[in-house]
Amino acid sequence: MAAHRSGPLKQQNKPHKGGRHRGRGSAQRDGKGRVEMKILCKKVKKELSRIDQRHRASQLRKQKKEAVLAEKRHLGSKEGPPHQVLVVPLHNSISLLETLGLLQDGDLGTVHLNEWGGTHSFMLLCPHLKHRWFFTFARPGDLHTVLDMAKVADTILFLLDPLEGWDSTGDYCLSCLFAQGLPTYTLAVQGVSGLPQKKQIDAKKKLNKIVEKRFPDDKLLLLDTQQEACMLLRQLANQKQRHLAFRDRRAYLFAHAADFVPNEENHSVGTLKISGYVRGRTLNVNSLLHIVGHGDFQMKQIDAPMDPFPLKTRVNKSQKDSSMAMEICVEDAATNMEEDLKVLMKADPARQESLLSEVIPDPMEGEQTWPTEEELNEADDFVKQSSKVVKKVPKGTSIYQAEWILDEGEGSDGEGDEYAMEQEDFVEEDSQVESAEEEDEEEYETMMTGESVRDDLYDEKVDEEAEEKMLEKYKQERLEEMFPDEMDTPRDVDARIRFQKYRGLRSFRTSPWDPKENLPQDYARIFQFQNFTNTRKRIFKEIEENEAEGAEVGWYVTLHVSEVPVSVFDYFRQGTPLIAFSLLPHEQKMSVLNMVVSRSSGNTEPVKAKEEMIFHCGFRRFRASPLFSQHTSADKHKFQRFLTADAAVVVTVYAPITFPPASVLLFKQKSNGMHSLIATGHLFSVDPDRIVIKRVVLSGHPFKIFTKMAVVRYMFFNREDVQWFKPVELRTKWGRRGHIKEPLGTHGHMKCTFDGKLKSQDTVLMNLYKRVFPKWTYDPYVPEPVSWVKSETSSTVPEVDIE
């Protein structure tokens, strides 16, 4: 009788774990010399009791509170820099002279006046508050002055009208400041006491409703009397400071005085001596200095003169009773800097940052040279090793005879190679043709006109040519919205020549595209990081942890900046504020910057790609011609011909490296010199490998329709073009997919197969792609804009009839 054998479905019980309490020797024998892998793990978090958790939370709250209080006490104190306040009147009816009179009152403290051209500023020292302020003023229409002063101001004091709050210019100024990043701000109303008593309450309620749109949950302070001015100063001193990320990691300085020493050889270039208080971070003399609006420079040395505005907390009674109130000091800055000079730090040429911003490409770098003897020997050895092929031969066959014996399947007719050549990528048309077309399209804007003029006078001010150009732009934008990326196949040029730099992709999302393929010559001039994110983290960590040598925050110093044009000093003497930022490592070098921006709601004019625009990126200001592309998480991004209003767009330009976070403002210069705000956003990345793909869609129409086959015409106009584009996949607007089977005749008709029957109203499409790069149009010089005035032309998009 045969024994029973268990099947594969028999229950398998776990074996008994007898070695649970074994000794060390048996464990080592079982391991047979194997060593456990060492794992780097995080520190084990110690579980705290509930009382310890509460104690730890209270300690953290206390530390944060002390840090905020220490920051408040340091700003404006004897050891820290003066509390810099930017006063911006948001309405044309506000009188700055009244505000000046209230803030310069003798009962508040000692006043030191400085006058540079048309810009008024003064230092206010309050011994009883143990605080010192530095007040500056800017009109909202003066765009560059407002934005530059807001970059370094500790607090912005907005002056509002009691009836309207702000006018159109003030609203435009607020839009720009919100996009750039607002520091601490305070709202003050001037002129409420001038209204009748009965209307004051209604005016305050109406003003609160207006202010809520821009400043929710913010209180309005009055500024009509001396008592209210004193309350305002106390509010400014006790406010919690808001931080701007792009300036907290850099040292910056507002110039209180400046002097220029020309070089002996060239008098147009020399050493600029800038005096002011160090803010933000410790200023190192070996780092580079960026003067806003003028470029990057090196420093020779840093001097530490006496503080011209010391805060004396103890005041004699005789001083109080006498005319201590106002002390007007209009001192010569050059003589003041030369007194009691103490050299703090001199630049070390070995450690100083270089001003090199571009790579100088070597034209012979890619050239082929004659190989050396070692390279020839290595090549021969490699050929000998690779040429040895193992073959099955009869016994006794010589090496010479074995060379003539063919393996199975070794011969080929070459048909596969021809087909592979047809499957190769198509590449784009000649860039010179495109650039010539784009250069012809110049930018025009509508001119401003008066409020109430006669029709004949109105027509005299209208530029008919500019109107025609703008109408054509609107038509192009509307066509792009209705038929995205579609293009008519040219009849005067063969399609295989016109689109020779384009290629077909099976899938835009998944098909591979090498980021290092066919790079332009400009890519040899830029710098690229191996890992930009890690470099940024490392630099920021070094700033936080390492103590830098140099001028500490709050010190009054004089910077000797070398090789500065004399025009910078001339601008300062005319009243333009002079602001300097220290650069982080690599921030003087050129690369490809990608910025995420959204269209400004107040601007509806069509903006085409590669048009010159003005960028305010962090502390920099420059002109460039950007590319627009979709903001997606894929590895390829579709090129946008126009700046869309409904979605965020990525702007790509050649510009100096800036480490994010940094705000971005895009302006467009009108024909009358005004700068119009186009878009706002932030710096996204510094990545030359970001692939921007331009798509062109060729369309054809079904001529004869069969079950799964159709004859398509009007996509091409000769037989050779059909053969050239045969490997590229077709699609239709109704979702069918197919490919070209064969050409018919000599006029561009072609037989195509699809995955289903076509509709007679369907359209056959072919997608072609190429990679596009930005133009090298970076220009650090931005002309001063004309004071902004609201355009009286209609902001609505005109109805365009497309014939």
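Residues numbered from 1 in each chain as written. Predicted model: local features only at pLDDT ≥ 70, side-chain atom pairs only at ≥ 80, totals over all residues. Heavy atoms only, no water.

1. With respect to the overall build of the chain
- A tally of regular secondary structure across the chain gives 20 helices and 31 strands.
- Within the chain, the fraction of its 803 residues that count as buried is 43%.
- Considering only residue pairs separated by 6 or more positions, the chain has 79% of its internal contacts joining residues 24 or more positions apart.
- Within the structure as shown, the chain displays about 47300 Å² of accessible surface, and the carbon and sulfur contribution to it stands at 50%. (Helix = DSSP H or I, 4+ residues; strand = E, 2+ residues; numbered from the N terminus. Buried < 20%, exposed > 50% of the residue type's maximum accessible area, 1.4 Å probe, protein only. Contact = heavy atoms within 4.5 Å. Areas by Shrake-Rupley, 256 points an atom, 1.4 Å probe, with all protein chains shown as cover.)

2. As for the environment of Lys 759
- Within the secondary structure, Lys 759 is located in the loop between β30 (749-754) and β31 (764-771).
- Between the alpha carbons of Lys 759 and Ile 705 there is a distance of 8.1 Å; along the sequence they are 54 residues apart.
- In this structure, Lys 759 is in contact with Pro 702, Ile 705 and Trp 734, ignoring residues within four places of it in sequence.

3. Remarks on the packing of helix α4 (residues 143-152) against helix α5 (residues 168-180)
- At a minimum axis distance of 11 Å, the contact between α4 and α5 shows a crossing angle of 35°. Both α4 and α5 take part in a crossing whose hand is right-handed. Seen from α4, the contacting residues are Leu 143, Val 146, Leu 147, Ala 150 and Lys 151; seen from α5, they are Tyr 172, Cys 173, Cys 176, Leu 177 and Gln 180.
- For the contact of α4 with α5, the per-class residue count stands at 8 nonpolar, 1 polar and 1 charged. (Axes fitted to C-alpha atoms, helices over the stretch in contact; angles between N-to-C directions. Left-handed = near helix turned anticlockwise from the far one by under 90°. Nonpolar A, V, L, I, M, F, W, Y, C, P; charged D, E, K, R; others polar.)

4. Some thoughts on the confidence of the model for the chain
- Of all residues in the chain, 78% attain a pLDDT of 70 or more, and the chain-wide mean is 80.
- Scored below 50 in pLDDT, residues 315-338 makes 35 contacts in the model with residues more than four places away or belonging to other chains.
- Note on residues 793-797: pLDDT under 50 across the span, and 7 contacts to partners over four residues away in sequence or across chains. (pLDDT = per-residue confidence, 0-100.)

5. Looking at the pairing of strand β21 (residues 627-630)
- As paired elements, β21 and strand β23 (residues 649-656) share 4 bridges and run antiparallel to each other. Within the sheet, the bridge partner assigned to Gln 630 lies in β23 and is Val 649.
- One ladder, built from 2 bridges, connects β21 with strand β22 (residues 636-640); its direction is antiparallel. Paired with Ser 629 across the two strands is Phe 639, which belongs to β22.
- Once β21 ends, the chain turns through 5 residues before running back antiparallel as β22. (Pairing = 2+ DSSP bridges.)

6. As for the nonpolar core
- Judged by nonpolar contacts, the single largest core of 53 residues is most densely connected at Phe 158, Phe 215 and Phe 667.
- Setting aside anything within four residues of it in sequence, one finds Phe 667 in contact with Leu 143, Leu 147, Tyr 172, Cys 176, Met 613, Ile 614, His 616, His 675, Ser 676, Leu 677 and Ile 678.
- In this structure, Ile 539, Phe 622, Phe 639 and Val 772 belong to the second largest nonpolar core, which totals 35 residues. (Core = buried A, V, L, I, M, F, W, Y, C linked by side-chain atoms within 4.5 Å.)

7. Digging into the packing of aromatic side chains
- Overall, the coordinates contain 25 aromatic pairs when judged by the stated rule.
- When the centroid spacing of 6.2 Å and the interplanar angle of 75° are considered together, the rings of Trp 166 and Phe 215 count as edge-to-face. Taken together, the residues span a long stretch of sequence, with Trp 166 in the loop between β5 (155-160) and α5 and Phe 215 in the loop between α6 (197-214) and β7 (220-222) at a distance of 49 residues. Across the pair, exposure class does not vary: Trp 166 and Phe 215 are buried alike. (Phe/Tyr/Trp six-rings, centres within 6.5 Å; stacked < 30°, edge-to-face > 60°.)

8. So, the pattern of salt bridges
- Here the structure, examined in full by the defined rule, presents 23 salt bridges.
- Asp 779 is the partner of Arg 623 in a salt bridge, and the nearest nitrogen-oxygen pair spans 2.5 Å. Residue Arg 623 is located in strand β20 (residues 620-624), and its partner Asp 779 is located in the segment after β31; the two are separated by 156 residues in the primary sequence.
- Between Asp 635 and Lys 636 there is a salt bridge, and its shortest N-O distance comes to 3.4 Å.
- Asp 635 sits in the partly exposed class, given a relative accessible area of 45%.
- With a relative accessible area of 2%, Lys 636 lands in the buried category. (Salt bridge = Lys/Arg side-chain N within 4 Å of Asp/Glu carboxyl O.)

9. Notes on helix α18 (residues 532-545)
- Relative to the 20 Å expected for 14 residues at 1.5 Å per residue, α18 spans 20 Å between its end C-alpha atoms, a close match to the ideal helical length.
- Turning to α18, its buried residues number three or more, namely Phe 532, Thr 535, Ile 539, Phe 540 and Ile 543. Along the long axis of α18, the arc covered by the buried residues comes to 125°, so they all point the same way. Away from its buried face, by an angle of more than 90 degrees, α18 presents the exposed residues Lys 537, Lys 541 and Glu 545.
- Buried residues in α18 make contact with β25 (675-686). (Expected span 1.5 Å × (residues − 1). Arc of directions from axis to C-beta.)

10. Some details on the pairing of strand β28 (residues 729-732)
- Of the two faces of β28, the one lined by Leu 730 and Thr 732 is fully buried and the one lined by Glu 729 and Arg 731 carries no buried residue.
- For β28 and strand β29 (residues 737-744), the ladder comprises 3 bridges, and the chain directions are antiparallel. From the neighbouring strand, Glu 729 faces β29, where its bridge partner is His 739.
- Counting the residues that bridge the hairpin from β28 to β29 gives 4 residues, and of these Gly 735 lies at a positive phi of roughly 95°.
- The sheet contact formed by β28 and β31 spans 3 bridges and is antiparallel. Bridging across to β31, Thr 732 finds its partner in Val 764.

11. Some thoughts on a positive patch on the surface
- On the surface, a cluster of positive charge is contributed by Lys 708, Arg 736, Lys 757 and Lys 759.
- As for its position among the elements, Lys 757 is in the loop between β30 and β31. (Patch = residues over 30% accessible without salt bridge, like charges linked within 9 Å, V, L, I, M, F, W, Y side chains within 5 Å. Lys, Arg positive; Asp, Glu negative; His and termini not counted. Charge placed at Lys NZ, Arg CZ, Asp CG, Glu CD.)

12. Remarks on the side chain of Thr 763
- Within the secondary structure, Thr 763 sits in the loop between β30 and β31.
- Look at Thr 763 and you get buried, because its relative accessible area is 13%.
- Each residue touching Thr 763, except ones within four places of it in the same chain, is listed here: Ser 699, Gly 700, His 701, Arg 731, Thr 732 and Lys 733.

13. Considering the state of the cysteines
- Enumeration according to the criterion identifies 0 disulfides in this entry.
- Here Cys 126 is not disulfide-linked; the sulfur of Cys 230 is the nearest cysteine sulfur, at 7.7 Å.
- Cys 126 gets classed as buried once you look at its relative accessible area, which sits at 0%. (Disulfide = S-S within 2.5 Å.)

14. As for unusual backbone geometry
- With an omega of 10°, the peptide bond between Pro 660 and Pro 661 qualifies as cis.
- By the secondary structure assignment, Pro 661 is in the loop between β23 and β24 (663-669).
- One non-glycine residue with positive phi stands out, namely Glu 563, at about 55°.
- Among the secondary structure elements, Glu 563 is positioned in strand β16 (residues 556-565).

15. Some words on helix α2 (residues 50-74)
- Here α2 contains 25 residues, and its C-alpha end-to-end distance of 36 Å stays within 8% of the 36 Å for a straight helix at 1.5 Å per residue.
- Positive phi shows up at Gly 76, right after α2, with a value of about 85°.

16. Side note on the environment of Leu 48
- Assignment of secondary structure puts Leu 48 in the loop between α1 (24-31) and α2.
- Discounting residues that sit within four places of it in the chain, Leu 48 has contacts with Gln 53 and Arg 56.

17. Focus on the side chain of Gln 190
- Residue placement: Gln 190 occurs in the loop between β6 (184-189) and α6.
- Residue classification places Gln 190 among the buried residues on the basis of a relative accessible area of 6%.
- Among the polar contacts made by the side chain of Gln 190, one reaches the main-chain carbonyl oxygen of Ser 95 at a distance of 3.4 Å.
- Setting aside anything within four residues of it in sequence, one finds Gln 190 in contact with Ile 94, Ser 95, Glu 98, Thr 99, Leu 160, Pro 162, Leu 223 and Asp 224. (Polar contact = N/O pair within 3.5 Å; in protein donor to acceptor, adjacent residues only side chain to side chain.)

18. A word on the environment of Asp 224
- The residue Asp 224 is located in the loop between β7 and α7 (226-238) in this model.
- Placed 35 residues apart in sequence, Asp 224 and Val 189 show a C-alpha to C-alpha distance of 8.2 Å.
- Among all residues touching Asp 224, those that are not within four sequence positions of it are Leu 102, Val 189, Gln 190, Gly 191, Val 192 and Ser 193.
- Here the side chain of Asp 224 touches Ser 193 through a polar contact of 3.1 Å, landing on its backbone nitrogen.

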